[in-house]
Amino acid sequence: PSADIERSGLLVDELLQKMAKIEDAFGEHAVRIAVIGGHRIGLDNSRLIRRDTALAIGVAVVAMFLLSFVAYRRRWLALITLVPPAIAASVAGGVLFFSNTQISAIAVGCGTILLGITIDYAIHVLYHIDNGAHQDRRRMAETIQEIAAPITIGALTTLGAFLVLLFSPVESHRQIGMFAAVGVTTAALASLLVIPFLVPLDRGSSLPPLMMTRLF
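Keep in mind it's a predicted model, so treat the numbers as computed, not measured.

On to the layout of surface pockets. To find leftover empty space, one rolls a probe the size of a water molecule over the atoms. In this structure, the largest pocket occupies an estimated 420 Å³ of space. Lining of the largest pocket is provided by 18 residues; of these, A3, I5, I103, S104 and A105 occupy positions nearest its centre. Elements with a minimum of two residues in the lining of the largest pocket: helix 1 (5-25), helix 2 (38-71), helix 5 (105-114) and helix 8 (171-193). Per element, the largest residue contribution to the lining of the largest pocket is five residues, and it comes from helix 2. When grouped by side-chain class, the residues that make up the lining of the largest pocket number five nonpolar, nine polar and four charged. When its volume is computed, the second largest pocket comes out at roughly 280 Å³. What lines the second largest pocket is a set of 14 residues, and nearest its centre among them are I57, V61, P85, T112 and G116. At the level of secondary structure, the elements contributing two or more residues to the lining of the second largest pocket comprise helix 2, helix 4 (83-99) and helix 5. Looking at the lining of the second largest pocket residue by residue, the class counts come to twelve nonpolar, two polar and no charged.

Here we take up the pattern of salt bridges. Counted under the stated rule, the structure contains eight salt bridges. A salt bridge links R174 to E171, with the shortest nitrogen-to-oxygen separation between them at 2.3 Å. With a gap of three residues between them, R174 and E171 both fall in helix 8, about one helical turn apart. Residue classification places E171 among the partly exposed positions, given a relative accessible area of 36%. When salt bridges with common partners are traced through the structure, they connect R139, E142 and E146 into a single cluster.

Counted according to the given criterion, the structure contains one aromatic pair. Between F97 and F98, the ring centres sit 5.1 Å apart and the planes meet at 85°, which makes this aromatic pair edge-to-face. In terms of burial, F97 and F98 fall into one category: exposed. The residue whose ring lies beneath R75 is F69, and the NZ or CZ to ring-centre distance is 5.7 Å.

On the surface, a nonpolar cluster with roughly 510 Å² of combined accessible area is contributed by I87, V91, V95, L189, L193, V194 and L198. Considering every element that reaches the nonpolar patch, the biggest residue donor is helix 4, with three residues. Mapped onto the fold, I87 is located in helix 4.

With that settled, consider the nonpolar core. Counting residues in hydrophobic clusters, the biggest one holds 26 residues, and the most contacted among them are Y121, V125, L126, I129 and I195. The residues contacting L126, other than those within four sequence positions of it, are Y72, L77, I80, T81, I195 and V199.

For the protein chain, the average pLDDT comes to 85, and 96% of its residues sit at 70 or higher. The lowest-confidence element of the protein chain is helix 10 (residues 211-215), averaging 75 in pLDDT; the highest-confidence one is helix 8, averaging 91.

Criteria and thresholds
Residues numbered from 1 in each chain as written. Predicted model: local features only at pLDDT ≥ 70, side-chain atom pairs only at ≥ 80, totals over all residues. Heavy atoms only, no water. 1 Å grid on protein atoms, 1.4 Å probe; cavity = no way out; pocket = protein on both sides within 12 Å on 5 of 7 lines; lining within 4 Å. Points joined across faces, edges and corners; volume = space filled by probe spheres on them. Helix = DSSP H or I, 4+ residues; strand = E, 2+ residues; numbered from the N terminus. Nonpolar A, V, L, I, M, F, W, Y, C, P; charged D, E, K, R; others polar. Salt bridge = Lys/Arg side-chain N within 4 Å of Asp/Glu carboxyl O. Buried < 20%, exposed > 50% of the residue type's maximum accessible area, 1.4 Å probe, protein only. Phe/Tyr/Trp six-rings, centres within 6.5 Å; stacked < 30°, edge-to-face > 60°. Lys NZ or Arg CZ within 6 Å of the ring centre and 35° of its normal. Patch = residues over 30% accessible without salt bridge, like charges linked within 9 Å, V, L, I, M, F, W, Y side chains within 5 Å. Areas by Shrake-Rupley, 256 points an atom, 1.4 Å probe, with all protein chains shown as cover. Core = buried A, V, L, I, M, F, W, Y, C linked by side-chain atoms within 4.5 Å. Contact = heavy atoms within 4.5 Å. pLDDT = per-residue confidence, 0-100.

Written as structure tokens, this is what we have:
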């Protein structure tokens, strides 16, 4: 099957090598062979998606890290920002792997890029935590309680948009919907339930507002 990129890749590469030998045998520009079809198109798409996904994710992660590093009072919180999206991608990838016999490279590529929006949940939680002086866990819990509603509503809105894809007749669309829906849900939960345990209490009692707060 053309969707079996691992084996079809070997087939296409061997075919291209044989084509090159035939063209060389007849001299330069004497013979030109072209091949199209599902296997060639699927392999080209897969390689393009992998390259573009790696580039997009790399640039996005660096940009988000730098922005978080500037925004937070405690600079190391920039690393914590990446925890919920990482957990979300791992859980969503596991669900996709165990629920499908074949996984679309397009679904994984697009789904991973779409999960970039889930970093907003972590930023929202961490910024509120770092912007206030939380000298005990009760006060931090109250802060999380205050922002739980907007994060939940935002996650449900995004979740609804991706759940629609589950009704698509196209398998890769359904896989994107599943990957993104599971990822969004996991990232929102991780932001609200995991991040507060990773951030130590801030003992400062009269800290100034964060730079971004003053700027806005």
